[in-house]
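# Reading the structure
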Amino acid sequence: MNTSAALPPLTERISILRWLRQNLFRSVADGAVTVLGIVLLLSLVIPIVTWALTEARWQVVIENIRLFAIGQYPIEYVWRVWVCVLLLALICGVSWGLWLFRQRAVGAAILTAFLLLGLLPGALSIPATEKVAGFGLMLPSLAWLVAMSTLGALGYAIAARAPARARKLVGPAWILYLPVCFVLVAGLGPDGLLATVGSNLWGGLLLTLLITAVGIVASFPLGVLLALGRRSKLPVVKAFCIGYIELIRGVPLITILFMAQLILPLFLPDRVTFGPISFRPEIDRVIRAMAGVSLFSAAYMAENVRGGLQNIPRGQFEAADALGLTATQKMTLIVLPQALRMVVPILVGQFIGLFKDTSLVTIVSLLDLLGIGNTVLAQPKFIGTQREVYLFVAAIYWIFSYVMGAISRRLELPQSASRR
Amino acid sequence: MSDTKKTRIPIWRDERAYAVLAQVAFVVVVIAAGVFLFGNLLSALRRQNIPIGFDFLPTRAGFDISDSFLEYTASSNYLQAFQVGLVNTLVVASVGIVLASVFGLITGLAGLTHNFIISRLARVYTEIMRNVPLLVFLVFWYRGIVFNLPKISEALSIGPILVSNRGVAIPWLLEGALSLPVVRGRIFDGGFVLSPELFAILSGLVIYTAAFIGEVIRAGVQAIPRGQFEAARALGFTGMQSIRLIVLPQALRVIIPPLTSQYLNLTKNSSLAAAVGYPDLWSISTVIINQTGRAVEMIAVVMGIYLTTSLLTSLFMNWYNNKVRLIER
Amino acid sequence: MSQSNTNPESAMIQCVDVHKWYGQFHALRGVTLSVARGEVVVVMGPSGSGKSSFIRTINRLEEHQRGTIIVDGIELTHDVRNIERIRSEVGMVFQSFNLFPHLTVLENITLAPMRVRKMNRERAGKIARELLERVRIPEQADKYPGQLSGGQQQRVAIARALAMEPKVMLFDEPTSALDPEMIKEVLEVMVDLAKSGMTMICVTHEMNFARNVAHRVCFFDQGNIVEMGPPAKLFSTPEHERTQLFLSQILH
Ligand SMILES: Nc1ncnc2c1ncn2[C@@H]1O[C@H](COP(=O)(O)OP(=O)(O)OP(=O)(O)O)[C@@H](O)[C@H]1O
Ligand SMILES: [Mg+2]
């Protein structure tokens with residue numbers, strides 16, 4: 001049996017050779033293509049890597065990292081943003097514990113997302129020369145990571161022990177999360193801990209994520225209503241919904257964003273009077289952009305939801321009717337839960353698209369991630385660093401989109417939905 | 001007997017009345033909202049002294065347009081400026097669609113090969129593009145790459161094509177003869193010269209859209225069961241014949257709808273040309289809006305043009321789909 | 001209320017001259033049938049003869065355009081309240097089960113009692129478990145429909161309909177999507193139900209069920225009842241030639 005001891009490395013070598021032959025050198029032509037491919041690859045990668053390691057001035061990103069993260073958000077209130085992030089960690093932990101405890105892939109993806117988010121606060125504390133009034137900002141990134149993982153783990157631990165009925169709380173918690181964040185970011189009163197921070201000061205990734213979140217949350221109900229309307233038996237309602245959906249889907253987002261910026265304010269009355277109160281209604285530019293994005297996204301949402309609705313067998317409607325459920329009960333209890341579950345991966349894809357599309361608010365002069373990039377490039381110190389700045393911006397978008405996409409691909413719905 | 005009974009149903013409990021009432025209510029709400037909003041709009045415009053209408057079109061524009069396929073000077077009028085933008089958009093969209101299809105096909109097929117290096121290259125390219133916003137890619141491409149191309153005196157030549165930061169020159173038919181571009185001092189001579197902006201928007205859109213088209217093609221071919229190919233081979237077709245006669249026609253049916261929507265996306269995305277300084281329909285319209293304040297009219301017209309294109313394409317697609325389905329039966 | 005003098009007050013379902021059109025197509029052509037309380041009627045007939053259309057008009061899954069349908073003294077008209085009342089008194093079982101796949105068996109059964117009858121969760125759950133006992137699958141309560149066999153699903157569907165405590169049960173070919181042994185399971189439950197005194201209209205071609213349980217068999221053809229009578233008589237000496245032909249095909 002001496003030979004068998006010597007065999008494994010040999011077979012390994014042979015299988016590598018076989019792999020090479022099958023995957024790279026099937027024929028002479030194949031081999032040539034392989035060589036060509038390698039040459040192409042190297043001729044692209046080597047200069048890029050060399051540039052990135054030697055020539056590139058990454059200082060532009062490092063010195064402006066806070067701008068990229070939160071724009072001009074006042075430094076003494078930055079802790080409010082981090083509270084949002086910590087809350088997110090908590091909710092994610094709880095949801096993971098209640099919903100998805102068996103799915104390690106999802107957990108890993110969420111963890112990655114948090115590691116990335118965790119690096120940001122740390123990075124923010126880099127310009128240490130700044131005088132910091134608030135607390136929390138100067139914590140090293142490690143502390144943030146520890147805090148977030150602790151909260152996430154805490155949420156998970158609580159959730160894992162909670163009774164199954166607690167599942168019902170996860171939805172409302174998520175629904176509540178956004179308004180809470182909004183209040184934390186925007187503030188409530190003229191001063192105090194929660195002093196108002198005007199939307200003109202929101203910027204960078206913070207603004208990008210806020211517009212995305214509002215866009216998702218606002219376009220979801222709107223899209224569902226439009227989808228139901230498009231399938232309505234009432235011709236007038238149906239025509240209206242078709243008209244809206246096709247109009248929006250037929251035009252570029254940028255025209256809608258301009259419309260939101262330029263024409264939406266004109267639609268408001270000059271003065272609004274309620275008894276003694278009289279004021280001039282105004283919507284600020286960030287809200288206008290959010291409205292534009294939501295109105296746009298709703299039309300696409302409607303089409304995706306309609307795809308789900310079309311796949312609900314007629315028998316489901318009939319069974320609901322036969323049991324005496326009302327039309328509303330039939331929709332909310334039977335049809336929509338099934339239709340929405342069917343299209344979750346598609347909707348996640350659409351949300352990723354929405355996230356990327358928010359970069360267009362740069363064109364209407366908002367300082368989102370890309371807009372901040374442009375302002376950074378205007379700093380005299382960093383003339384000529386376009387590649388560094390835009391690559392950094394692209395990398396952030398890429399990571400977020402890729403992680404979200406990876407989660408949605410791995411996400412297995414609760415068994416009931418995938419069956420039948 | 002039953003008729004007399006039916007008339008006794010109170011109207012608020014009659015299901016037939018529901019449908020009518022619901023629609024009437026809907027129409028009333030929509031019209032009321034429309035009247036309210038439109039009224040506000042009109043009075044707001046009146047307050048700002050902005051008239052409504054298209055009377056401004058024949059007045060002198062007074063701005064220059066760097067890239068134009070039509071006769072245009074600063075003393076031309078707004079209508080002519082608009083037409084220049086329209087033609088520019090049409091050129092970018094149509095050339096972009098052709099090129100994106102070619103590169104998309106290459107990407108898609110590359111993703112399908114057994115060759116590990118090639119299919120991996122295709123995958124990486126697709127994954128990079130699909131997770132980055134087009135606008136970010138466009139500004140990176142224009143300000144980071146196209147700007148930093150070599151000076152014209154050191155123009156790169158890729159075959160007969162000359163590439164520099166002053167633009168890209170390609171061979172072109174001039175007066176019935178093929179004219180190859182050459183560098184003469186600080187300018188290109190002969191051929192057809194694309195300005196850096198035109199080159200940036202075209203190549204940017206093509207590189208970006210080709211990744212998506214590649215995915216569409218790859219998914220379409222993979223949707224065809226292997227059995228189809230094997231059955232064709234068993235019938236004695238050669239490999240090429242099997243693909244051409246059996247696999248491709250079936251794959252096309254899967255590919256065409258998403259492919260069309262990619263074409264429409266490219267067309268709509270060309271409205272981002274302003275980001276690379278190319279004067280397309282939308283970027284000229286924004287200039288006109290800035291000068292005249294006629295946002296309502298201009299946005300409506302541009303939306304109308306894009307909408308018409310989309311609807312015509314959808315109509316054509318429906319017709320095509322029906323035709324394909326008929327043949328299938 | 002119903003001043004009909006053709007049938008005694010005890011009739012549970014009364015259909016008089018019911019017509020139904022699908023667009024131009026005349027699917028029901030003047031069906032007249034009266035079903036007494038506790039009676040079990042089996043409906044047979046060739047495919048496309050309007051059997052499904054008929055029983056679906058009884059709980060307004062389809063609208064009839066002419067004639068009268070009265071269920072337990074309530075006339076089926078455009079009056080929404082009457083439709084609601086009739087639907088909550090008439091249970092229906094479909095050929096394709098139509099269970100709600102996103103809900104567990106127990107949730108499938110308790111949904112309507114809780115939402116329509118406003119029953120509290122405990123009581124609805126208790127009733128649901130009793131019903132599962134009755135259809136002989138008490139152990140499946142927390143599974144999802146997709147995890148059950150066809151026969152089990154159909155029995156859950158019966159339990160779901162029974163949970164609304166209906167006065168009438170309609171069955172539209174409940175066994176034709178099932179394998180033979182599963183058919184037996186479902187038929188046993190239906191026989192039990194018939195013996196308990198439920199008023200039932202069953203579209204089915206199960207001859208044994210019709211012979212042993214039905215009080216009456218209706219034979220449908222071309223949108224109308226062509227022959228009707230006790231099973232023994234109809235099966236042994238059918239009068240109408242369509243019936244004879246159909247029976248000869250079904251009995252081989
Ligand atoms: N929704 C509909 N629209 C148009 N025609 C219909 C519709 N439903 C049924 N029909 C037609 O009405 C006729 C009767 O149909 P029905 O389903 O009642 O027959 P059935 O006796 O139940 O047949 P089967 O034994 O096949 O179930 C058929 O010719 C059918 O084509
Ligand atoms: Mg039937």
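Remember, it's a predicted structure, so these values are computed and weren't measured experimentally. (Residues numbered from 1 in each chain as written. Chains lettered and ligands numbered in written order. Predicted model: local features only at pLDDT ≥ 70, side-chain atom pairs only at ≥ 80, totals over all residues. Heavy atoms only, no water.)

Moving on: the packing of aromatic side chains. All names here are of chain B. A complete count under the given rule lists 22 aromatic pairs over all chains for this structure. Considering the side-chain rings of Y208 and F212, the 5.1 Å spacing of their centres and the 40 degrees angle between planes classify their relative orientation as tilted. Separated by four residues within a single helix, Y208 and F212 lie in helix α6 (residues 196–222), roughly one turn from each other. Summarising the burial analysis for this pair, Y208 and F212 share the class buried. (Phe/Tyr/Trp six-rings, centres within 6.5 Å; stacked < 30°, edge-to-face > 60°. Helix = DSSP H or I, 4+ residues; strand = E, 2+ residues; numbered from the N terminus. Buried < 20%, exposed > 50% of the residue type's maximum accessible area, 1.4 Å probe, protein only.)

Attention now moves to the domain arrangement of chain B. By domain assignment, chain B separates into domain 1 (11–47) and domain 2 (78–324). Computed from C-alpha atoms alone, the centre-to-centre distance between domain 1 of chain B and domain 2 of chain B is 43 Å. (Domains from an automatic or database assignment.)

A word on the state of the cysteines. Under the counting rule described, the total for this entry stands at zero disulfides over all chains. A disulfide-free cysteine, C181 of chain A has its sulfur positioned 3.5 Å from the sulfur of C84 of chain A, the nearest such atom. No disulfide involves C202 of chain C; its sulfur sits 11 Å from that of C218 of chain C, the nearest cysteine. Take C202 of chain C: its relative accessible area is 0%, and that puts it in the buried class. (Disulfide = S-S within 2.5 Å.)

Time to look at the environment of Q22 of chain A. Relative to the assigned elements, Q22 of chain A resides in helix α1 (residues 2–23). The spacing of Q22 of chain A and S232 of chain A is 210 residues in sequence and 55 Å in space, taken between C-alpha atoms.

Any empty space left between the atoms is revealed when a probe the size of a water molecule rolls over them. The tally for this structure, following the rule as stated, stands at four cavities of 30 Å³ or more. Looking at the largest cavity, its volume works out to about 80 Å³. Around the largest cavity, the lining is made up of 14 residues, and of these A322 and L323 of chain A together with G91, M92 and A161 of chain C lie nearest the centre. Sorting the residues of the lining of the largest cavity by element identifies α14 (314–322) of chain A together with α2 (80–89), β6 (90–93) and α5 (150–162) of chain C as the ones contributing at least two each. Residue composition of the lining of the largest cavity, by class: nine nonpolar, two polar and three charged. (1 Å grid on protein atoms, 1.4 Å probe; cavity = no way out; pocket = protein on both sides within 12 Å on 5 of 7 lines; lining within 4 Å. Points joined across faces, edges and corners; volume = space filled by probe spheres on them. Nonpolar A, V, L, I, M, F, W, Y, C, P; charged D, E, K, R; others polar.)

Residues and elements named next belong to chain A. With 83% of its residues at a pLDDT of at least 70, chain A reaches an overall mean of 83. Across chain A, the element-wise mean pLDDT spans from 40 in helix α19 (residues 415–418) up to 96 in helix α11 (residues 253–262). Counting interchain partners and residues more than four positions distant, the pLDDT-below-50 stretch residues 1–6 has zero contacts. (pLDDT = per-residue confidence, 0-100. Contact = heavy atoms within 4.5 Å.)

Right, let's talk about helix α9 (residues 241–251) of chain C for a bit. Residues and elements named next belong to chain C. Three or more residues of α9 are buried, namely T243, F246 and L247. Seen from one end, α9 has its buried residues packed into an arc of 95 degrees, which puts them on one side. Relative to its buried face, α9 has exposed residues pointing more than 90 degrees away, namely E241 and Q249. Those residues of α9 hidden inside the fold are in contact with β3 (40–44), α7 (207–213), β9 (216–221), β10 (224–229) and α8 (231–236). (Arc of directions from axis to C-beta.)

Residue and element names in this part refer to chain C. The six strands are arranged β6-β7-β8-β3-β9-β10 in an open sheet whose pairing can be described as mixed. Looking at strand neighbours, the two that pair on one side only are β6 and β10, the edges of this open sheet. Across the sheet, the mean angle from the axis of one strand to that of its neighbour is 20 degrees, orientation sign disregarded. Relative to β10, β9 runs antiparallel, the two sharing five bridges. Note on β10: the bridge partner recorded for C218 is M228. Each of β6 and β7 (168–172) touches α2; the most contacted strand, β6, lies at about 60 degrees to it. Lying on the sheet, helix α6 (residues 180–195) is in contact with β3, β7 and β8 (199–203); it crosses β8 at an angle near 145 degrees. (Pairing = 2+ DSSP bridges. Axes fitted to C-alpha atoms, helices over the stretch in contact; angles between N-to-C directions.)

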